[in-house]
Amino acid sequence: MTDLPGIVVTGASGRMGRTLIRTVLDSDRARLIGAIERQGHDWIGRDVGEAMGGAPVDVAVSDDPLELFARAHAVLDFTAPAATVAFAGLAAQARCVHVIGTTGFDAEDLKKIAAAARHAVVVRAGNMSLGVNLLVQLTRKVARALDEDFDIEITEAHHNQKVDAPSGTALMLGEAAAEGRGVSLPEVADRGRDGITGKRERGHIGFAAIRGGDIVGEHDVLFAGPGERITLRHVASDRAVFARGALKAALWGQGRKPGEYGMLDVLGLNEN
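Residues numbered from 1 in each chain as written. Predicted model: local features only at pLDDT ≥ 70, side-chain atom pairs only at ≥ 80, totals over all residues. Heavy atoms only, no water.

(A) View of the sheet that holds strand E1 (residues 6-9). Within the open sheet, the seven strands sit side by side as E3-E2-E1-E4-E5-E6-E12. Their pairing is parallel. The open sheet has two free edges, formed respectively by strand E3 (61-62) and strand E12 (259-261), since each of these has just one partner strand. Two strands pair when backbone bridges link them, and strand E5 (residues 97-100) and strand E6 (residues 121-124) are joined in this way by three bridges, in the parallel orientation. Within the sheet, the bridge partner assigned to histidine 98 lies in E6 and is valine 122. Contacting strand E2 (31-36), strand E4 (74-77) and E5, helix H4 (residues 81-94) runs over the sheet at an angle of about 165° to E5. (Pairing = 2+ DSSP bridges. Helix = DSSP H or I, 4+ residues; strand = E, 2+ residues; numbered from the N terminus. Contact = heavy atoms within 4.5 Å. Axes fitted to C-alpha atoms, helices over the stretch in contact; angles between N-to-C directions.)

(B) Main features of the layout of surface pockets. As a volume, the largest pocket reaches approximately 1,000 Å³. Secondary-structure elements contributing two or more residues to the lining of the largest pocket are helix H1 (15-26), H4, helix H7 (168-181), strand E10 (217-225) and strand E11 (228-236). Per-class residue counts for the lining of the largest pocket are 13 nonpolar, 20 polar and seven charged. Estimates place the volume of the second largest pocket at around 820 Å³. Together, 29 residues line the second largest pocket, and Arg124, Gly168, Leu171, Met172 and Glu175 are the ones closest to its centre. Looking at the lining of the second largest pocket, the elements with two or more residues in it are helix H6 (130-145), H7, helix H8 (185-188), E12 and helix H10 (263-266). Residue contributions to the lining of the second largest pocket peak at six residues, all from H7. Residues that form the lining of the second largest pocket fall into these classes: 13 nonpolar, nine polar and seven charged. (1 Å grid on protein atoms, 1.4 Å probe; cavity = no way out; pocket = protein on both sides within 12 Å on 5 of 7 lines; lining within 4 Å. Points joined across faces, edges and corners; volume = space filled by probe spheres on them. Nonpolar A, V, L, I, M, F, W, Y, C, P; charged D, E, K, R; others polar.)

(C) Quick look at H1. With twelve residues, H1 ought to run about 16 Å at 1.5 Å a step, and its terminal C-alpha atoms sit 17 Å apart, in line with that. Of all the residues in H1, the buried ones are Met16, Gly17, Thr19, Leu20, Ile21, Thr23 and Val24. Contacts from the buried residues of H1 go to E1, E2, helix H2 (48-51), E4 and helix H9 (240-252). (Expected span 1.5 Å × (residues − 1). Buried < 20%, exposed > 50% of the residue type's maximum accessible area, 1.4 Å probe, protein only.)

Okay, structure coming up:
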């Protein structure tokens, strides 16, 4: 048992944090050695199993990531941009695999993560599920096959607690569509329509976000042409699909050369 890779989960009390912890505890390929929460959180010092309302698991929640990262093989991190950037620096110091499911980064954040990846393995993806990553590949292929007579619109729906829009997955799909068309997404993205906007720009890629209830994640890519439409769709009904993908990434990253990877690499779907 002690030979299994040791995993630390950040943001332990959050929705994804709890799901990640359960996934690691249920795995026969990894072991949970640490759970992180912010300073002052009422879970600090408590057994994480009991804090989650279950049986003790002999892992106390800590606010000292560096001490845990130094003993870890991998860190699973679905928190917030500022926290993840800080964790990236610590994971690089510890040379442990940093699996990032956090979204909403700005350009400066991504530069800091790329710098950390020069020293350790970073697996970063807007979505960790197999289905979504297959959808990314399909989106790229369909966009490559169809010309600008087909408008591309990406719609995503998530629960009412999500703080960023469009979702990281929607942006992954937009990047794939742009790559298929041979264009730069920032130059063609239309991320908001309100009021009298004028007609739709030919070749643009549109985004729309829905927030409500407890929706886990739904993504549609619409290719709308004269007289016909093609819709590619993925629906996630359980956060465990993301947690299983994150754990798979953590195990895949063991022994890899430092660098920044994505789930397409982990799943062997990267065509580049």
